[in-house]
Amino acid sequence: DPVPKEIPHVIARRLRMRAQAVPDAASSRMDVDSDGEGAEKTNASASAAGNGKRDIREASSDAQGNDMDVSEERPASSEDDGEKDSEDDGEKDSEDDGDDKGSGEGGEKDEVDQTLAMLRDVLKQHQRQSKRKVPPNVYSQVLTYNKQSRSETIQDHNDPFKIEWIQAAEIQGDFEIGERVLRIADPEQFIIRHPIKNGCFNIEDYANIEDVLGDIESIWSSAIERELGISRRDMAGFGAVLVVPDIFSRAEVAALSDMLLRHMRFGHLLLQQSSALVTFGAGISTACVVDVGAQKTSIACIEDGFCYPESRVNVMYGGDDITRFLFNLFERSRFPYAEASLGRMYDWLMLNELREKYCTMKLSDVNIRLRDFFVRQPHQQHTRKYSFKTYDEAYHAPLCLFYPAVADSLGALPDYSRSFVPKDTSDYALDPKQQTCVYATPTQFGALPLRAVERPAADCEEPAAQPSSAEPATEPATEPATVPTTEPATPEHKAHQDAASGTAPAAGSEKAAPEGGSTLPPEPAGTIIDYEADPQAQFSRLPLDLAITHSIAYSGPIERARKLYSSILVVGGGVSFIPGFDELLASRLMYVRPDYMQGIERADVVSAPRDLDPRVLAWKGGAVLSRLDCANEMWVSSQEWSDFGTRLLRDRALFQ
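Residues numbered from 1 in each chain as written. Predicted model: local features only at pLDDT ≥ 70, side-chain atom pairs only at ≥ 80, totals over all residues. Heavy atoms only, no water.

A. Quick look at the pairing of strand 13 (residues 297–303). The element strand 13 is extensively covered by neighbouring structure, given that seven of its seven residues are classed as buried. Residues of strand 13 alternate between two faces, with Thr 297, Ile 299, Cys 301 and Glu 303 on one and Ser 298, Ala 300 and Ile 302 on the opposite face, all of them buried. Pairing geometry for strand 12 (residues 286–292) and strand 13, over seven bridges, is antiparallel. If you follow Asp 291 over to strand 13, its bridge partner there is Ser 298. (Buried < 20%, exposed > 50% of the residue type's maximum accessible area, 1.4 Å probe, protein only. Helix = DSSP H or I, 4+ residues; strand = E, 2+ residues; numbered from the N terminus. Pairing = 2+ DSSP bridges.)

B. Structural view of unusual backbone geometry. With a phi angle near 55 degrees, Asp 304 is a residue other than glycine that sits in the positive phi range. Its location among the elements puts Asp 304 in the loop between strand 13 and strand 14 (306–307). A relative accessible area of 63% places Asp 304 in the exposed class. We note that Arg 334 has phi near 60 degrees; this positive angle belongs to a residue other than glycine.

C. Spotlight on the sheet that holds strand 23 (residues 636–637). Pairing is mixed across the open sheet formed by three strands, whose spatial order is 10-11-23. Every other strand in the sheet has two partners, leaving strand 10 (239–244) and strand 23 as the edge strands with one partner each. Across the sheet, helix 5 (residues 250–263) lies against strand 10, strand 11 (268–273) and strand 23, angled at about 155 degrees from strand 11, the strand it touches most. (Contact = heavy atoms within 4.5 Å. Axes fitted to C-alpha atoms, helices over the stretch in contact; angles between N-to-C directions.)

D. Main features of the side chain of Glu 303. The residue Glu 303 is located in strand 13 in this model. Side chain to side chain, Glu 303 and Arg 560 meet in a polar contact 3.4 Å long. (Polar contact = N/O pair within 3.5 Å; in protein donor to acceptor, adjacent residues only side chain to side chain.)

E. Layout of helix 4 (residues 209–228). The end-to-end C-alpha separation of helix 4 is 28 Å, in line with the 28 Å expected for 20 residues at 1.5 Å each. With 15 of its 20 residues buried, helix 4 lies for the most part within the structure. Regarding helix 4, its N-cap is Asn 208, as a side-chain oxygen of that residue lies 3.2 Å from the backbone nitrogen of Glu 210 further along. Phi turns positive one or two residues past the end of helix 4, at Gly 229, with a value near 70 degrees. (Expected span 1.5 Å × (residues − 1).)

F. Region of the structure containing the pattern of salt bridges. One pass over the structure, following the stated rule, counts 25 salt bridges. One salt bridge connects Glu 303 with Lys 563, and the closest N-O pair in it is separated by 3.1 Å. Of this pair, Glu 303 sits in strand 13 while Lys 563 sits in helix 13 (residues 558–565), and the two are 260 residues apart along the sequence. If you follow the salt bridges from partner to partner, you end up with Asp 321, Arg 324, Asp 408 and Arg 541 in one network. (Salt bridge = Lys/Arg side-chain N within 4 Å of Asp/Glu carboxyl O.)

G. Expanded view of the nonpolar core. Of all hydrophobic cores here, the largest spans 82 residues; its most connected members are Phe 335, Leu 544 and Ile 552. Ranked by size, the runner-up nonpolar core spans 41 residues in total, among them Ile 230, Met 235, Val 253 and Tyr 416. (Core = buried A, V, L, I, M, F, W, Y, C linked by side-chain atoms within 4.5 Å.)

H. A look at the packing of aromatic side chains. One pass over the full model with this rule turns up 14 aromatic pairs. An aromatic cluster of at least three residues, connected via ring pairs, comprises Phe 327, Phe 330, Phe 335, Tyr 337, Phe 373, Tyr 386 and Phe 388. In this structure, Arg 13 is placed above the aromatic ring of Phe 175, and the distance from its NZ or CZ to the ring centre is 5.2 Å. Above the face of the Tyr 206 ring, Arg 193 is positioned so that its terminal group lies 4.0 Å from the ring centre. (Phe/Tyr/Trp six-rings, centres within 6.5 Å; stacked < 30°, edge-to-face > 60°. Lys NZ or Arg CZ within 6 Å of the ring centre and 35° of its normal.)

Remember that the coordinates give geometry; whether it matters functionally is a separate question.
What follows is the structure, given as structure tokens:
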């Protein structure tokens, strides 16, 4: 099989009108008006950021014709007051170093400061417990060196990784896709957008769903023709495998299926969920798949190719949030490249490279280390080399997945409540069993977690109502994972355990029956503890360890949970290459497991096979599934799609 190649889902469309610069001193960007002819299918006035990929703004028009700014607001870099305190830090011991570094402004920065102070205290405790000697004044040493660091010029002939920037005149046609977009020297002459963001259609930079589908079709068609040599007129002789997210929008799946079969004219189409394909690619029958991507983390429990619907969890954080936190920590340590900005494409790629090279979760790697990096900019003849020192920045950055309040402070999520209204009103697109929000939320659940509520005992004298589909239907793994339970058992906790095991106590049964077996009615109680689905849990990002615990808890009986704890498969490019992350995740999962799972003694995090890239396991699994005999009945032909439409998706897909 050919080696899978990732094509970034980014497209640059050439502007048609003459650019008119609008000064923006805060971000050094240029807003460029476009007439939309040939470049966009909408009459919205789009603006392209002069710095490319990371800062893209679009002023679109609502139904009343009013302009509304849907630009992504990024908080300004925090002011680091380490400079004024560096002299005092030299007189302090390592216990107090860096505690007052990088104090931010406002509540959001206070959250980052508090979390960072807590993480540093925990790190010191772990270093003491492992008998590791901490160098004195570590933070002041890092600050002093980085403040004095200066760049070094590298000649082009001495730079083996020199970037060949692409000029606007070299681009043939009206658009460019993939990696070449990231090397455009003059991005202000293009509208650069990502049609897929946070695992779903991008609603920030597009006015309607037709524009999103148009860009996706352009990216896929051009990539297939460029990489595989298959033209559009020859696609009728090929089949396509569409990898569907574990938690998906039915309208988006129907729209993509229609685009592949009717517009791109593939002969056949097969659909399967991402986590199930990961197990096919890894050759594992049962696993809890944790897919940490750039912007989204997906968790699901798979057994024999079937994804348990109640176990699905999507959380909107990933490798990009680690990069933001790492950059924030670098700024607190006087990053020598002072003009670095997350809004510039080449700076973002450079910081991503630093994350992949230096992030670690091994305690032995936490020490003062000398690092270097290279800055390559368009319209600059030479490459600049910087040297800087780090201490614990690369160790703390990945921990933002376990403390999502940091990610909330450093990057705001889009408002998905204004998602595109689907035009397809078929039975498949409109799910009558939908219990969660119809639009994307910071955390999406296959089954909502439970919360404890107090109810009057009189209200519970009626026969118990049947559980809703959002509640777990199997016993006993139903206890919601919220916080570690280390306190002694209480009557309320016992009631919680009874609810988890599917044996909810009847009304008035809190008191034990007399020894003589009297049938006298019990005394009426004031209130009892009941449990119901918590819809508010969707609107905040769940920590990674608690999200995995929730997924396993809602997968079914304790025997199945035991098997899943022994086979946790971490894939994706977000954390798969971070040394020591698997061991950290396993230890945290043991700490937060519910009380009724205390009999599970260990959690094993398994890695992808050595010869396979964990970022492309789903695509490898798609290639495996397409060749199985059992998949013959799952293919949807273009003729069948023309005759029956979206009804086929319900009949042919293994998921609903």
